[in-house]
Amino acid sequence: ANVLQTGWTGLNERTFVAVKPDGVQRRLVGDIVHRFEKKGFKLVGMKLVQASEDLLKEHYRDLRAKPFFNGLIQYMSAGPVVAMVWQGLDVVKTSRKMMGETNPADSLPGTVRGDYCVEVGRNVIHGSDSVESAQREIALWFSQDELHCWEDHSIRWIYA
Ligand code: UDP
Ligand code: MG
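These numbers come from a predicted model, not from an experiment.

Rules used throughout
Residues numbered from 1 in each chain as written. Chains lettered and ligands numbered in written order. Predicted model: local features only at pLDDT ≥ 70, side-chain atom pairs only at ≥ 80, totals over all residues. Heavy atoms only, no water. Helix = DSSP H or I, 4+ residues; strand = E, 2+ residues; numbered from the N terminus. Buried < 20%, exposed > 50% of the residue type's maximum accessible area, 1.4 Å probe, protein only. Axes fitted to C-alpha atoms, helices over the stretch in contact; angles between N-to-C directions. Parallel < 35°, antiparallel > 145°, perpendicular 65-115°, else oblique. Left-handed = near helix turned anticlockwise from the far one by under 90°. Contact = heavy atoms within 4.5 Å. UniProt positions renumbered as here; feature names shortened; annotations may be inferred. Polar contact = N/O pair within 3.5 Å; in protein donor to acceptor, adjacent residues only side chain to side chain. Near = heavy atom within 4 Å. Nonpolar A, V, L, I, M, F, W, Y, C, P; charged D, E, K, R; others polar.

## Notes on unusual backbone geometry
The residue Asp90 is not glycine, and still its phi comes out positive at about 55 degrees. Following the sequence through the fold, Asp90 ends up in the loop between strand E3 (81-87) and helix H6 (91-99). Judged by its relative accessible area of 42%, Asp90 falls in the partly exposed class. Non-glycine residue Val124 carries a positive phi angle of around 60 degrees. Residue position: Val124 is located in the loop between helix H7 (112-116) and strand E4 (125-127).

## Description of the packing of helix H3 (residues 29-39) against H6
Contact geometry of H3 with H6 gives a least axis separation of 12 Å together with a crossing angle of 135 degrees. Between H3 and H6, the angle falls in the class oblique. Pair H3 / H6 crosses with right-handed handedness. On H6, the residues touching Arg35, Phe36 and Lys39 of H3 are Thr94, Ser95 and Met98.

## Some points on the UniProt feature "binding site: ATP" (unreviewed entry) in the protein
In the numbering adopted here, UniProt assigns the feature "binding site: ATP" (unreviewed entry) to Lys20, Phe68, Arg96, Thr102, Arg113 and Asn123. By the element assignment, Arg113 lies in helix H7. With residues near it in sequence (within four places) discarded, Arg113 still touches Lys20, Met99, Gly100, Glu101, Thr102, Pro104, Ser107, Asn123 and Ile125. With respect to the element layout, Asn123 can be found in the loop between H7 and E4. Of note is the side chain of Asn123, whose polar atom sits 3.1 Å from the backbone oxygen of Thr102.

## With respect to the UniProt feature "active site" (unreviewed entry) in the protein
Annotation from UniProt places "active site" (unreviewed entry) at His126. Assignment of secondary structure puts His126 in strand E4. Apart from residues no more than four positions distant in its own chain, His126 is found in contact with Phe16, Val17, Ala18, Lys20, His59, Tyr60, Met99 and Glu137.

## Some thoughts on the site of ligand 1
Neighbouring ligand 1 are Lys20, Tyr60, Leu63, Phe68, Leu72, Tyr75, Arg96, Thr102, Arg113, Val120, Gly121 and Asn123. Residue Arg96 places a side-chain N or O atom 2.7 Å away from an oxygen atom belonging to ligand 1. Take Val120: an N or O atom from its main chain is 3.2 Å from an oxygen atom of ligand 1. For the shell around ligand 1, the per-class residue count stands at 6 nonpolar, 3 polar and 3 charged.

This is how it looks when you write it as structure tokens:
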């Protein structure tokens, strides 16, 4: 059933999440996907991508003046990432909570960064920081035909 027809609103919010190259190397993909699935969010896009430096420079364009920018582009292009789009109520804000703080040292146990990493330069996961960033990042990483609208049979058991 179309969520708009059933009267739920806000359920169409989408965010861009990526398991970074260190997360792929360290076999954290399944765990990270599982966290978002168990939470109740809906997977609408997912692929393994060897990102080009051009793509990453565009993705992180707001950080281009930062001293860590070149290192960040090298880190993010050092191996494939798992790019994903997740959908659900307040998914942008909630995903950021599930990820933890940018610096793993400030991240609480129970968050991805709190549980699995120690340094800001190897913090295993990316998530969009606002609805506007999410729209920009989804359009940058995915084409329309890679995003799938499928009927969610659990919707009544996740949303009241
Ligand atoms: N980063 C870094 N050093 C810093 C700050 C950030 O290496 O001092 C890296 C880190 O991988 C971070 C990414 O740059 O995840 C993007 O920074 P941002 O401030 O957007 O953090 P995020 O949104 O990923 O929490
Ligand atoms: Mg960011």
